[in-house]
Amino acid sequence: MRWIALLFVGLLVGCGGNVGFNVSRDACKRELPNDATAICFASNVGLRDPNVYLEFDTSEIEFLDWIKRQPNVVRVDKEPPIRIQRFGAYPGDESHETTVLINDGLLFEWYDPNDGDHGDHIAFDRDAGRVYCWTHYF
């Protein structure tokens, strides 16, 4: 019974990793656009690590400059809505949504050609001025 309780707690809080909600640019430890604010990140938080999530507010101009420096990803033309995964258990986040639907935005992706379950997904929501990143290497 104790093992089941520990597993349940692990599912709720993740399995190790780092989580930051509405943190400073320095706390993120990743290059971000110059005007990035409302920064949230979660790394190695799932049962099938590593998953890395990052989201932040920025302008479209700064996003386009930043995305040029992200390795491998290419723009994907996709009919709206764009669906992207996000971490839904940030302490202090009231939404708890694990998926974001973007009606007007940009999507950039990369999949490992040797393993389609490895990839990077970065979406910019024009309406919210928010970037959502999800990297998964199962």
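Residues numbered from 1 in each chain as written. Predicted model: local features only at pLDDT ≥ 70, side-chain atom pairs only at ≥ 80, totals over all residues. Heavy atoms only, no water.

(A) Region of interest: the pairing of strand β5 (residues 82-85). Residues of β5 alternate between two faces, with Ile-82 and Ile-84 buried on one and Arg-83 and Gln-85 left unburied on the opposite face. Direction of pairing for β5 relative to strand β6 (residues 99-102): antiparallel, over a ladder of four bridges. Bridged to Arg-83 within β6 is Leu-101. (Buried < 20%, exposed > 50% of the residue type's maximum accessible area, 1.4 Å probe, protein only. Helix = DSSP H or I, 4+ residues; strand = E, 2+ residues; numbered from the N terminus. Pairing = 2+ DSSP bridges.)

(B) Representation of the pairing of strand β3 (residues 51-57) within the structure. Burial analysis of β3 places five of its seven residues in the buried class, the great majority of the element. With five bridges connecting them, strand β2 (residues 37-43) and β3 associate as antiparallel partners. Along β3, the bridge assignment pairs Phe-41 with Leu-54. Both β3 and strand β9 (residues 130-137) contribute to a ladder of seven bridges, which runs antiparallel. Considered in β9, the bridge of Leu-54 is made with Cys-133.

(C) Expanded view of the confidence of the model for the chain. When pLDDT is averaged across the chain, the result is 83; 81% of the residues are at 70 or more. Confidence, expressed as mean pLDDT per element, reaches its minimum in the chain at helix α1 (residues 2-13) with 34 and its maximum at helix α3 (residues 60-67) with 98. (pLDDT = per-residue confidence, 0-100.)

(D) Structural context of the nonpolar core. Among the nonpolar cores identified, the biggest contains 17 residues, and Leu-54, Phe-56, Phe-63, Trp-66, Ile-122 and Val-131 are the most heavily contacted of them. Taken together, the elements giving at least two residues each to this core come down to β2, β3, α3, β7 (105-112), β8 (115-125) and β9. When residues in this core are grouped by element, the largest group, three residues, is from α3. In this structure Trp-66 touches Arg-30, Glu-31, Leu-32, Pro-33, Phe-56, Ile-122, Val-131 and Cys-133, once residues within four positions along its chain are discounted. Counting seven residues, the second largest nonpolar core, distinct from the first, contains Val-100, Ile-102, Leu-107 and Ala-123. (Core = buried A, V, L, I, M, F, W, Y, C linked by side-chain atoms within 4.5 Å. Contact = heavy atoms within 4.5 Å.)

(E) View of α3. Among the residues of α3, those classed as buried are Phe-63, Trp-66 and Ile-67. Along the axis of α3, the buried residues cluster in a sector spanning 95 degrees; they form a single face. (Arc of directions from axis to C-beta.)

(F) Structural context of the side chain of Gln-70. Note on placement: Gln-70 falls in the loop between α3 and β4 (74-76). According to the relative accessible area criterion, Gln-70 is buried, its value standing at 11%. Engagement of the side chain of Gln-70 in a polar contact is seen with the side chain of Arg-30, the distance being 3.1 Å. Excluding its chain neighbours within four sequence positions, the residues that come into contact with Gln-70 are Arg-30, Glu-31 and Ile-122. (Polar contact = N/O pair within 3.5 Å; in protein donor to acceptor, adjacent residues only side chain to side chain.)

(G) Fine view of unusual backbone geometry. In this model, Pro-80 is joined to Pro-81 through a cis peptide bond whose omega is 0 degrees. With respect to the helices and strands, the residue Pro-81 is situated in the loop between β4 and β5. If you check the backbone angles, Asn-22 has positive phi at about 55 degrees while not being a glycine. Summarising the element assignment, Asn-22 is placed in strand β1 (residues 18-23). We classify Asn-22 as exposed; its relative accessible area is 52%. Non-glycine residue His-96 carries a positive phi angle of around 60 degrees. Looking at the element boundaries, His-96 is found in the loop between β5 and β6.

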